[in-house]
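# Commentary on secondary and tertiary structure
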Amino acid sequence: MNRIVLTNIRLLDGITRAARDDYVVVTKGERIEWIGPRGAERFQDPTDMVYDLKGAYVLPGLWDMHVHLDFRMIPDSVGEPSLAESTLFAYRRALTFLNAGVTSLRVVGTHGGLDFSLRDGINCGEYLGPRILTAGPGLASTGGHGAIQGKGYDGPYEFRRAAREVVYHGADLVKIMVTGGIIGRHEAFDALQTMPDEVQAVVKVAHQWGRHVAAHIASAQAAVMCAELGVDTIEHGYALDKHALKVMKRHGVVYVPTLVVTDEPSYWSEVGLPHWAVAKVKQAASSHRLAVEMALEMGIAITLGSDLPTPFVDGTIGVVREMEALANLGVAPRDLIAWATRTPATIFGLADDLGTVEHGKVADLVATPENPYDSVRHFRDICFVMKRGRVVRAETGLPLVAGYLEHE
Ligand SMILES: [Zn+2]
């Protein structure tokens with residue numbers, strides 16, 4: 001197995017505070033074999049592939065913790081795409097994420113099993129793509145948020161069965177829809193759609209199978225209920241209040257704000273969201289921002305996700321825009337980067353393999369010419385991507401597939 005030598009780098013390994021200048025990272029197969037200052041390598045082999053990164057900053061690959069691979073705005077005239085079309089679309093989207101430095105995705109609601117097939121095809125090496133960890137379909141109550149044509153579950157027995165089915169099919173986590181959301185014409189944010197006994201049934205099954213539970217939640221009341229019932233991550237929280245955040249903190253719940261959803265309502269008009277839903281985005285914007293500000297002030301554990309129907313927003317990939325939105329609220333780049341690398345790996349119990357750049361870990365790496373610890377905006381200029389020891393993108397972009405990626 002040939003080694004890949006990344007030389008002339010500045011390493012931001014996710015552990016030390018400052019960049020380590022003039023470093024070298026050597027990978028072999030999917031893992032990092034050696035890290036050290038340039039000139040200290042004790043080996044050199046003519047078969048090594050050497051990449052001179054010209055002083056670029058090398059960091060762990062980014063995660064997006066809230067993705068729907070088949071989410072897109074479909075004009076009324078077009079009708080629902082077939083599963084085959086959605087699968088092709090989702091694969092292209094996955095490649096677009098990877099090319100932008102998002103080497104891992106937490107998929108929290110995607111239909112028809114295409115997410116399982118993509119994950120497995122990528123994992124076994126047949127297809128190039130980001131690491132996918134997926135919930136399969138989100139579990140909703142009848143008529144609830146995300147229920148396809150209103151078809152969902154009712155009562156703890158049905159939810160228990162549904163949770164068992166998704167873990168049987170290979171879900172890496174379980175997603176449950178608890179309140180109304182933005183795309184739901186007749187539902188309010190504070191409409192509690194899933195009852196405590198239903199949430200409890202899902203949490204029990206998921207935890208028995210060693211999976212964490214992500215809950216789509218808008219209201220403070222639902223957040224309190226879910227935190228007390230053992231839900232692991234709370235998504236969106238458009239209207240969380242101080243009490244809900246306190247309860248979340250006490251129970252060690254991780255908050256996934258997806259602030260980018262309400263940060264710029266004009267984005268939604270541009271991508272073709274129906275007017276009634278754009279109105280809901282606007283309605284949620286101020287309480288959402290307030291919730292995030294309080295969460296930051298209270299030191300709630302946070303991880304980053306985007307939840308958008310396009311990979312790009314405002315000229316960059318969703319999770320980078322999420323970092324920028326939080327940076328505007330005063331969060332230090334170093335923290336934001338940890339929330340998009342180390343925290344996700346920890347949530348999945350994968351911190352021994354991913355999330356930082358260390359000897360023996362899996363080589364998911366990105367590089368930027370300027371220092372992202374100065375500003376997360378520098379992630380707009382990713383110049384190198386490696387996933388599982390395979391170079392996905394070097395200076396020349398992604399050969400062969402570059403022309404097929406989604407554009408900004
Ligand atoms: Zn979502």
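Conventions used here
Residues numbered from 1 in each chain as written. Predicted model: local features only at pLDDT ≥ 70, side-chain atom pairs only at ≥ 80, totals over all residues. Heavy atoms only, no water. Helix = DSSP H or I, 4+ residues; strand = E, 2+ residues; numbered from the N terminus. Contact = heavy atoms within 4.5 Å. Pairing = 2+ DSSP bridges. Axes fitted to C-alpha atoms, helices over the stretch in contact; angles between N-to-C directions. Buried < 20%, exposed > 50% of the residue type's maximum accessible area, 1.4 Å probe, protein only. Donors = N, O, S within 2.8 Å, 3.2 Å for Na, K, Ca; no water.

### Quick word on the environment of glycine 121
Topologically, glycine 121 is positioned in helix H2 (residues 114-123). Setting aside its immediate chain neighbours within four residues, glycine 121 contacts Glu126 and Tyr127.

### Section: the sheet that holds strand S8 (residues 173-177)
A sheet is described by the order of its strands in space; here four strands give the open sequence S8-S9-S10-S11, paired in parallel fashion. Sheet topology places S8 and strand S11 (254-256) at the edges, where each strand pairs with a single neighbour. Between one strand and the next, the sheet's axes are offset by a mean angle of 25 degrees, whatever the strand orientation. Where strand S9 (residues 212-219) lies against strand S10 (residues 233-239), five bridges are found, and the strand directions are parallel. When the bridges of S10 are listed, alanine 215 appears paired with isoleucine 234. Strand contacts of helix H5 (residues 220-228): S9 and S10, with the helix running at about 160 degrees to S9, the strand carrying the most contacts.

### Re the pairing of strand S1 (residues 3-11)
Sheet faces and side chains relate simply in a regular strand, where the side chains alternate between the two faces. Most of S1 is tucked away, with eight of its nine residues classed as buried. As paired strands, S1 and strand S2 (residues 20-28) are joined by six bridges and run antiparallel to one another. From the neighbouring strand, valine 5 faces S2, where its bridge partner is valine 26. With seven bridges joining them, S1 and strand S4 (residues 49-60) adopt parallel strand pairing. Looking at the pairing, isoleucine 4 lines up with methionine 49 of S4.

### Here's the deal with the coordination of the zinc ion
Octahedral six-donor coordination of a metal ideally yields angles of 90 or 180 degrees, compared with 109.5 degrees for tetrahedral four-donor coordination. Looking at the zinc ion, one finds its protein donor set to be His66 (NE2), His68 (NE2) and Asp307 (OD), positioned 2.0 to 2.4 Å from the metal centre. The sequence motif formed by the donor residues of the zinc ion is H-x1-H-x238-D. Of this pair, histidine 68 sits in the loop between strand S5 (62-67) and helix H1 (83-99) while aspartate 307 is found in the loop between helix H9 (275-298) and strand S12 (312-313), placing the two residues 239 residues apart along the sequence. Residues histidine 68 and aspartate 307 agree in their burial class; the two are buried.

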